[in-house]
Amino acid sequence: MAKLLSIAQDATRTEISWRDYLEMTKPKVVALMLLTVLVGMCLALPGAVPLQPLLAGLMGIAMMAGSAAALNHLIDRRIDGLMARTYNRPLPKGRVSVSRALSFAVLLGLAGFTLLYWLVNPLTAWLTCASLIGYALIYTAYLKRATPQNIVIGGLAGAMPPLLGWTAVTNDFHGHAWLLVIIIFTWTPPHFWALAIHRQKEYAKVDIPMLPVTHGVEFTKTCILLYTLLLAIACLLPVLVGLSGPVYLLASTILSCLFIYKAWQLKFADRPGLAMAVFRFSIYQLMLLFIALLVDHYLWS
Ligand code: HEM
Ligand SMILES: CC(C)=CCC/C(C)=C/CC/C(C)=C/COP(=O)(O)OP(=O)(O)O
């Protein structure tokens with residue numbers, strides 16, 4: 001009986017540790033990034049995407065993004081342990097040790113890089129490596145603690161996935177791919193600052209200079225509203241250059257109007273819960289926008 005109990009306990013422990021490693025890769029964030037990678041791949045070519053760069057590209061980029069996320073968990077373990085949203089993460093709770101987290105992140109990153117380098121192309125491998133360094137080291141280890149513009153500058157690393165998808169299937173930079181990067185780049189501030197308003201006190205407690213902490217909630221709300229206007233313009237760019245057609249134009253216009261409306265409400269209606277509503281909406285907005293790009297591409301190309 002005792003032996004059976006111990007086996008059951010071991011099984012539970014193994015399951016928890018498996019989930020902990022998965023949690024460190026920020027799977028939901030990486031999943032949305034992979035959608036933008038896929039859209040970058042599909043829009044780069046008129047016909048079907050070749051299978052090898054498609055599968056190896058998605059897998060390699062997922063592994064390197066997961067590695068970057070695990071390094072973020074490692075570097076931020078002290079402040080994560082002090083904030084209500086993150087105190088239960090595997091590192092602050094001691095469920096995963098520092099050395100195991102580091103080995104996991106390094107191995108995952110190296111495996112992803114190797115996959116991209118040999119089965120996709122060196123350009124995509126190095127660009128993904130630059131995004132990993134941009135997020136894990138430049139944003140997490142430096143910018144986050146240095147300036148309230150941290151997420152604007154660091155946001156470039158998170159905005160790269162559609163370009164990575166594009167280069168994976170063409171081995172070439174193209175201006176059209178950069179338009180998709182610009183869309184995610186302008187989307188990031190309203191996405192994150194809405195959450196930062198809700199979590200302002202926690203960021204202040206751990207001395208992280210997020211915009212609502214350094215410049216106040218009202219200023220941050222104004223910035224969110226202005227960025228949603230900028231994003232609406234950025235969303236028109238694929239249509240203006242002929243990359244996308246009327247289906248995308250209709251979908252993106254509706255989504256932009258809704259985002260601006262939500263940001264307007266946040267600024268002027270001042271009801272509790274509006275900041276988190278804007279944050280949640282931002283995730284659906286980006287997902288639907290990229291699905292619209294994909295649908296439009298196959299309807300019109
Ligand atoms: C510097 C850029 C970014 C910052 C600072 C940022 C910040 C955050 C934070 C703090 C959360 C956690 C919210 C929570 O725990 O409840 C979050 C969630 C999320 N972010 Fe971002 N984000 C950035 C870029 C991106 C990008 C580029 C994507 C996708 C293309 C993305 C997709 C998501 C998704 C899907 C979630 C929800 C995750 C979940 O529910 O577990 N984010 N973001
Ligand atoms: C290779 C490649 C494409 C890299 C991109 C990697 C990546 C997963 C970027 C995600 C951006 C993000 C969730 C930032 C939040 O970090 P935070 O530290 O502000 O948030 P937290 O407090 O929730 O950890």
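Residues numbered from 1 in each chain as written. Chains lettered and ligands numbered in written order. Predicted model: local features only at pLDDT ≥ 70, side-chain atom pairs only at ≥ 80, totals over all residues. Heavy atoms only, no water.

Honestly, the packing of aromatic side chains in this entry has me stumped. Any pointers?
Describing an aromatic ring pair means giving the distance of the ring centres and the angle of the ring planes. Tallied over the full model, the rule gives 10 aromatic pairs. Here Tyr 21 and Phe 104 contribute two aromatic rings whose centre-to-centre distance is 5.0 Å and whose plane-to-plane angle is 65°, an arrangement assigned as edge-to-face. On the criterion of sequence distance, the pair formed by Tyr 21 in helix H1 (residues 2-24) and Phe 104 in helix H5 (residues 98-119) is long-range, its members being 83 residues apart. On the numbers, 5.7 Å between centres and 75° between planes, the contact of Trp 193 with Tyr 227 is edge-to-face. Here Trp 193 is found in helix H9 (residues 175-198), whereas its partner Tyr 227 is found in helix H12 (residues 217-240), with 34 residues between them in sequence. (Phe/Tyr/Trp six-rings, centres within 6.5 Å; stacked < 30°, edge-to-face > 60°. Helix = DSSP H or I, 4+ residues; strand = E, 2+ residues; numbered from the N terminus.)

Could you clarify how one ought to interpret the coordination of the iron atom of ligand 1 in this entry?
Metal coordination angles in their ideal form are 109.5 degrees for the four-donor tetrahedron and 90 or 180 degrees for the six-donor octahedron. In this structure the iron atom of ligand 1 is ligated by exactly one protein donor, His 191 (NE2), at 2.2 Å. By secondary structure assignment, the location of His 191 is in helix H9. (Donors = N, O, S within 2.8 Å, 3.2 Å for Na, K, Ca; no water.)

Please clarify how the site of ligand 2 should be interpreted in this entry.
In the neighbourhood of ligand 2, 15 residues make up the surrounding shell, with Lys 26, Asn 72, Arg 89, Tyr 139 and Lys 144 lying closest. In this structure, Arg 89 approaches ligand 2 through a side-chain N or O atom, which is 2.8 Å from an oxygen atom. Lys 144 is positioned with one of its side-chain polar atoms (N or O) 2.7 Å from an oxygen atom of ligand 2. For ligand 2, the protein covers 89% of the area, taking 640 Å² as the surface of the free molecule. The set of elements that each furnish at least two residues to the shell around ligand 2 consists of helix H2 (27-44), helix H3 (51-75) and helix H6 (122-146). Each residue belonging to the shell around ligand 2 can be placed in one class, and the counts come to 7 nonpolar, 3 polar and 5 charged. (Near = heavy atom within 4 Å. Polar contact = N/O pair within 3.5 Å; in protein donor to acceptor, adjacent residues only side chain to side chain. Areas by Shrake-Rupley, 256 points an atom, 1.4 Å probe, with all protein chains shown as cover. Nonpolar A, V, L, I, M, F, W, Y, C, P; charged D, E, K, R; others polar.)

What am I meant to see in the environment of Tyr 142 here?
Mapped onto the elements of the fold, Tyr 142 is located in helix H6. Classification of Tyr 142 by relative accessible area gives exposed; the value is 53%. Remark: the alpha-carbon pair of Tyr 142 and Trp 178, spanning 36 residues in sequence, is separated by 25 Å. (Buried < 20%, exposed > 50% of the residue type's maximum accessible area, 1.4 Å probe, protein only.)

Sorry, what's going on with the packing of H6 against helix H7 (residues 150-159) here?
The description of two helices packed together rests on the angle between their axes and the distance between the axes. The contact between H6 and H7 brings their axes to 8 Å, and the two run at 165°. The pairing of H6 with H7 is recorded here as roughly antiparallel in orientation. Handedness of the H6/H7 crossing: left-handed. Packed against H6, whose contacting residues are Ser 131, Gly 134, Tyr 135, Tyr 139, Leu 143 and Lys 144, the element H7 presents Asn 150, Ile 151, Ile 153, Gly 154 and Ala 157 at the interface. Taken together, the residues of the contact of H6 with H7 sort by class into 6 nonpolar, 4 polar and 1 charged. (Axes fitted to C-alpha atoms, helices over the stretch in contact; angles between N-to-C directions. Parallel < 35°, antiparallel > 145°, perpendicular 65-115°, else oblique. Left-handed = near helix turned anticlockwise from the far one by under 90°. Contact = heavy atoms within 4.5 Å.)

Is there a simple way to explain unusual backbone geometry in this structure?
The bulk of non-glycine residues show a negative phi, and the bulk of peptide bonds are trans. Unlike most non-glycine residues, Lys 26 shows phi in positive territory, near 50°. Within the chain, Asn 171 stands out as a residue other than glycine whose phi angle is a positive 55°. With respect to the helices, strands and loops of the structure, Asn 171 is situated in the loop between helix H8 (161-170) and H9. Judged by its relative accessible area of 46%, Asn 171 is partly exposed.

I would appreciate a short explanation of the pattern of salt bridges in the present structure.
Oppositely charged side chains are able to pair whenever their charged atoms sit close together. All chains considered together, the criterion is met by 8 salt bridges. Glu 202 serves as the salt-bridge partner of Arg 199, at 3.0 Å between the closest nitrogen and oxygen. Close ionic contact of Glu 218 with Lys 267 constitutes a salt bridge, the shortest N to O distance being 2.9 Å. Taken as a pair, Glu 218 in helix H12 and Lys 267 in helix H13 (residues 246-268) lie far apart in primary sequence, 49 residues in all. (Salt bridge = Lys/Arg side-chain N within 4 Å of Asp/Glu carboxyl O.)

Which parts of the structure should I look at to understand the confidence of the model for the chain?
Do not read the predicted coordinates in detail wherever pLDDT is low. Predicted confidence across the chain gives a mean pLDDT of 95, with 94% of residues reaching 70 or more. Two numbers describe this predicted complex: its pTM, 0.95, and its ipTM, 0.96. (pLDDT = per-residue confidence, 0-100.)

Explain the site of ligand 1 to me, please; I cannot follow it from the model alone.
Not every one of the 18 residues close to ligand 1 is listed here, only the nearest: Arg 85, Gly 158, Thr 188, His 191 and Leu 195. In the environment of ligand 1, an oxygen atom lies 3.1 Å from a nitrogen or oxygen atom belonging to the side chain of Arg 85. Measuring from a nitrogen atom of ligand 1, one finds a side-chain N or O atom of His 191 at 3.1 Å. Where the shell around ligand 1 is concerned, the elements lending two or more residues are H2, H7, H9 and helix H14 (274-300). Looking at side-chain class alone, the shell around ligand 1 contains 12 nonpolar, 4 polar and 2 charged residues.

Got a minute to help me understand the nonpolar core in this structure?
For soluble globular proteins, nonpolar side chains are generally found buried alongside one another. Counting 87 residues, the largest nonpolar core has Met 41, Ile 183, Phe 192, Trp 193, Met 210 and Phe 290 as its most contacted members. What Phe 192 contacts, discounting residues up to four positions off in sequence, is Ile 151, Tyr 203 and Met 210. (Core = buried A, V, L, I, M, F, W, Y, C linked by side-chain atoms within 4.5 Å.)

Can you help me understand a nonpolar patch on the surface in this one?
Taken together, Tyr 284, Leu 288, Ile 291, Val 295, Leu 299 and Trp 300 make up a surface patch of nonpolar side chains, about 620 Å² in accessible area. On the secondary structure map, Trp 300 appears in helix H14. (Patch = residues over 30% accessible without salt bridge, like charges linked within 9 Å, V, L, I, M, F, W, Y side chains within 5 Å.)

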